[in-house]
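Summary of structural features
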Amino acid sequence: DAGITQSPRHKVTETGTPVTLRCHQTENHRYMYWYRQDPGHGLRLIHYSYGVKDTDKGEVSDGYSVSRSKTEDFLLTLESATSSQTSVYFCAISDPGNQETQYFGPGTRLLVL
Amino acid sequence: AQSVTQLDSHVSVSEGTPVLLRCNYSSSYSPSLFWYVQHPNKGLQLLLKYTSAATLVKGINGFEAEFKKSETSFHLTKPSAHMSDAAEYFCVVRARYSSASKIIFGSGTRLSIRP
């Protein structure tokens with residue numbers, strides 16, 4: 001398995017509170033991604049990064065921000081969590097030389113009450 | 001623009017019988033196509049990918065898929081199902097050489113295996 005960890009693995013929070021999810025990789029891959037998975041929707045891209053401090057929006061970026069201050073870490077922040085952000089969040093990485101193949105982390109299950 | 005449709009949300013087969021998971025796609029450009037598998041409470045794992053070489057692609061665990069441009073399909077098959085194949089399967093399309101934001105996932109097919 002690719003060296004990707006996500007923390008926390010599970011989180012319960014209340015509406016209106018800030019939440020930060022962390023993705024950490026040991027593969028030195030340049031590209032990192034955050035997806036959310038919801039029943040009937042497959043995975044939808046929230047944000048991605050193509051290098052340190054280089055990020056871009058995905059399909060469902062509203063309400064989310066990201067930061068990447070070093071190659072190995074990609075943070076996803078919900079500034080003010082809403083119940084619609086209850087989901088399973090997956091981080092993925094890929095390498096520029098093989099950009100099309102993504103490797104996924106184990107996921108973070110977030111419940112917003 | 002790209003899109004992907006997984007034609008069945010749930011497929012159930014008996015152990016030892018063939019598996020067919022159907023995927024149709026559309027893409028404005030030459031596509032790259034992938035199948036990923038997700039076991040319960042796990043992340044996604046790449047099964048196989050098509051990126052313009054042979055149209056019949058072999059993957060892990062005995063799975064294979066055939067790219068049919070005329071039918072815009074990329075169906076996943078396995079000759080004989082095993083209990084460990086029970087999982088969710090995702091078909092993914094990406095226009096080749098496009099940005100990372102152009103990766104589109106299907107809604108998934110849950111595969112159940114009957115003893």
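Quick caveat, the model's predicted, so the values are computed rather than measured.

The rules behind these values
- Residues numbered from 1 in each chain as written.
- Chains lettered and ligands numbered in written order.
- Predicted model: local features only at pLDDT ≥ 70, side-chain atom pairs only at ≥ 80, totals over all residues.
- Heavy atoms only, no water.
- Pairing = 2+ DSSP bridges.
- Helix = DSSP H or I, 4+ residues; strand = E, 2+ residues; numbered from the N terminus.
- Axes fitted to C-alpha atoms, helices over the stretch in contact; angles between N-to-C directions.
- Core = buried A, V, L, I, M, F, W, Y, C linked by side-chain atoms within 4.5 Å.
- Buried < 20%, exposed > 50% of the residue type's maximum accessible area, 1.4 Å probe, protein only.
- Contact = heavy atoms within 4.5 Å.
- Phe/Tyr/Trp six-rings, centres within 6.5 Å; stacked < 30°, edge-to-face > 60°.
- Buried area = accessible area lost by both parts, 1.4 Å probe.
- Salt bridge = Lys/Arg side-chain N within 4 Å of Asp/Glu carboxyl O.
- Polar contact = N/O pair within 3.5 Å; in protein donor to acceptor, adjacent residues only side chain to side chain.

**A few points about the sheet that holds strand β1 (residues 4-7) of chain A**
Residues and elements named next belong to chain A. Spatially, the four strands line up as an open sheet ordered β1-β3-β8-β7, and their pairing is antiparallel. Every interior strand has two partners, whereas the edge strands, β1 and β7 (64-70), have only one. Averaged over all pairs of adjacent strands, the angle between strand axes in this sheet comes to 20°, irrespective of strand direction. As paired elements, β1 and strand β3 (residues 19-25) share four bridges and run antiparallel to each other. Residue pairing across strands places Gln6 opposite Cys23, the latter belonging to β3.

**A closer look at the nonpolar core**
Counting residues in hydrophobic clusters, the biggest one holds 26 residues, and the most contacted among them are Trp35, Leu48, Leu76 and Tyr89 of chain B. Looking at which element gives the most residues to this core, the answer is strand β10 (residues 87-95) of chain B, with four residues. Leaving out residues up to four positions away in the same chain, Tyr89 of chain B has contacts with Gln6, Leu21, Trp35, Tyr36, Val37, Leu47, Phe63, Leu76, Gly108, Thr109 and Leu111 of chain B. Counting 19 residues, the second-largest nonpolar core is a separate cluster that includes Met32, Trp34, Tyr89 and Ile93 of chain A.

**A few points about the packing of aromatic side chains**
Tallied over the entire structure, the rule returns 14 aromatic pairs over all chains. Geometrically, the ring pair formed by Tyr33 of chain A and Tyr35 of chain A is stacked, given 6.3 Å between the ring centres and 25° between the ring planes. The residues Tyr33 of chain A and Tyr35 of chain A share a single accessibility class, namely buried. Between Tyr25 of chain B and Phe67 of chain B the ring centres are 5.8 Å apart and the planes differ by 25°, which places this aromatic pair in the stacked class. Pair noted here: Tyr25 of chain B is in strand β4 (residues 23-26) and Phe67 of chain B is in strand β8 (residues 64-68), with a separation of 42 residues, a long-range link. You'll find Tyr25 of chain B and Phe67 of chain B in the same group, each marked buried. By the ring-pair criterion, three or more aromatic residues cluster together here, those being Tyr33, Tyr35, Tyr48, Tyr50 and Phe104 of chain A together with Phe34, Tyr36 and Phe105 of chain B.

**Regarding the environment of Tyr25 of chain B**
Residues and elements named next belong to chain B. Given a relative accessible area of 8%, Tyr25 falls into the buried group. A sequence separation of 47 residues divides Tyr25 from Thr72, and the C-alpha atoms of the two residues are 5.6 Å apart. When near neighbours in sequence (up to four residues on either side) are disregarded, Tyr25 contacts Ser3, Val4, Pro31, Leu33, Phe67, Lys68, Lys69, Thr72, Ser73 and Val93.

**What to know about the environment of Thr5 of chain B**
All names here are of chain B. Relative to the assigned elements, Thr5 resides in strand β1 (residues 3-6). Take Thr5: its relative accessible area is 40%, and that puts it in the partly exposed class. Residues Thr5 and Cys91 lie 86 residues apart in sequence; the distance between their C-alpha atoms is 8.0 Å. When sequence neighbours within four positions are dropped, the list of residues in contact with Thr5 reads Arg22, Cys23 and Asn24.

**Topic: the interface of chain A and chain B**
The partner chain B presents 23 residues to the 21 residues of chain A that form the contact. Taken together, the two surfaces of chain A and chain B that pack against each other cover about 1,600 Å², and 51% of this comes from carbon and sulfur. Of all residues in chain A, Leu43, Glu100 and Phe104 of chain A give up the largest surface area on contact with chain B, accounting jointly for 34% of the area buried on that side. On the surface where chain A and chain B come into contact, there are zero salt bridges. Where chain A touches chain B, the interface holds four residue pairs in polar contact (both at pLDDT 80 or more). Those elements that place two or more of their residues in the side of chain A that touches chain B are β4 (31-38), β5 (42-51) and β10 (98-104) of chain A.

**Some thoughts on the pattern of salt bridges**
For the structure shown, the criterion picks out seven salt bridges over all chains. Lys78 of chain B is the partner of Asp85 of chain B in a salt bridge, and the nearest nitrogen-oxygen pair spans 2.8 Å. As far as burial versus exposure is concerned, Asp85 of chain B and Lys78 of chain B are alike and both buried. The network of salt bridges with common partners includes Arg22, Lys70 and Asp73 of chain A.

**Focus: the pairing of β3 of chain A**
Residues and elements named next belong to chain A. Along β3, the buried face is formed by Val19, Leu21, Cys23 and Gln25; none of Thr20, Arg22 and His24, which line the opposite face, is buried. Relative to strand β8 (residues 73-78), β3 runs antiparallel, the two sharing six bridges. Residue pairing across strands places His24 opposite Asp73, the latter belonging to β8.

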